[in-house]
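Listed below are the residues making up each chain.
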Amino acid sequence: MAELARIVGAALVAGLVLGCTGSTAEHPEATDQPPHQVVKCLGVIDAIPEPVPGYTAYGSGGGFVALPSGVLQLGRSWSGVPGHADYRFAKFGLLVRRSRQASLEIVRAPDDAFLDYGQIEMGSASALTVGPCDTHGPLCEADSAGNTSGWPCGAARGEWLVWAGGIWVNEPGCVEVLAPSGDEEISVWLAAGASCDGRA
């Protein structure tokens with residue numbers, strides 16, 4: 001009887017172990033996904049009719065995302081966070097057509113890099129998604145009870161919405177990002193403190 005209980009007990013333990021490891025093996029993609037930030041429509045700081053000089057629009061039909069084409073200057077460091085004292089910030093506005101959803105994902109960098117378009121934990125976002133924002137925001141009447149200060153409501157303000165933010169890098173260089181939207185996907189090199197001449 002004791003021997004039977006020992007065998008049954010061993011089988012149960014083995015089943016639990018296999019069950020736990022099996023559940024991990026069934027979803028290997030979970031460990032492959034980059035930390036992802038969803039950028040809110042109410043974070044928009046402006047709406048403009050077309051991308052500003054120094055930006056290039058990417059995608060069909062006039063583009064769905066616009067990114068800077070020149071060298072980004074490296075600004076302040078993040079000295080207050082242990083382990084991140086060598087990181088510097090390259091600031092640039094993210095421009096997305098209001099009717100489209102777009103994502104950015106860092107796929108290559110000289111060392112380590114991450115995106116920052118809102119309140120995030122240091123180093124936590126190597127990918128983000130924004131939009132579509134064409135149906136978001138309050139009514140445009142100035143005295144509307146639903147009016148949110150700063151929201152650029154109304155298509156008359158422009159088809160391109162702007163978010164403030166940028167990229168943190170711990171080494172100057174070229175950062176490759178993928179920008180998918182619908183069935184389109186483009187690859188762009190961001191010059192974070194160093195030229196990307198010669199990059200495709």
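Just so it is clear, the structure is predicted and the values come from calculations on it, not from any experiment.

J.: What am I meant to see in the state of the cysteines here?
T.: A disulfide bridge is the covalent bond that connects two cysteines by way of their sulfur atoms. A complete count under the given rule lists two disulfides for this structure. A sulfur-sulfur distance of 2.1 Å marks the disulfide that ties Cys-41 to Cys-133. Measuring handedness by torsion sign, the sulfur bridge of Cys-41 and Cys-133 sits at about -85° and is left-handed. Highlighted residues: Cys-41 in the loop between strand E1 (36–39) and strand E2 (46–48) and Cys-133 in the loop between strand E11 (127–130) and strand E12 (160–163), separated in sequence by 92 residues. Accessibility expressed as a relative area gives 11% for Cys-41, which makes it buried. Here Cys-174 is linked by a disulfide to Cys-196, with a sulfur-sulfur distance of 2.2 Å.

J.: Got a minute to help me understand the sheet that holds E1 in this structure?
T.: Note on sheets: strands pair through backbone hydrogen bonds, and any given pair is parallel or antiparallel. Sheet architecture is open: six strands sit in the order E1-E11-E9-E14-E15-E5, paired in mixed fashion. This sheet does not close on itself; its edge strands, each paired only once, are E1 and strand E5 (71–72). With four bridges joining them, strand E9 (residues 102–108) and E11 adopt antiparallel strand pairing. From the neighbouring strand, Glu-105 faces E11, where its bridge partner is Ala-127.

So, how was this worked out
- Residues numbered from 1 in each chain as written.
- Predicted model: local features only at pLDDT ≥ 70, side-chain atom pairs only at ≥ 80, totals over all residues.
- Heavy atoms only, no water.
- Disulfide = S-S within 2.5 Å.
- Helix = DSSP H or I, 4+ residues; strand = E, 2+ residues; numbered from the N terminus.
- Buried < 20%, exposed > 50% of the residue type's maximum accessible area, 1.4 Å probe, protein only.
- Pairing = 2+ DSSP bridges.

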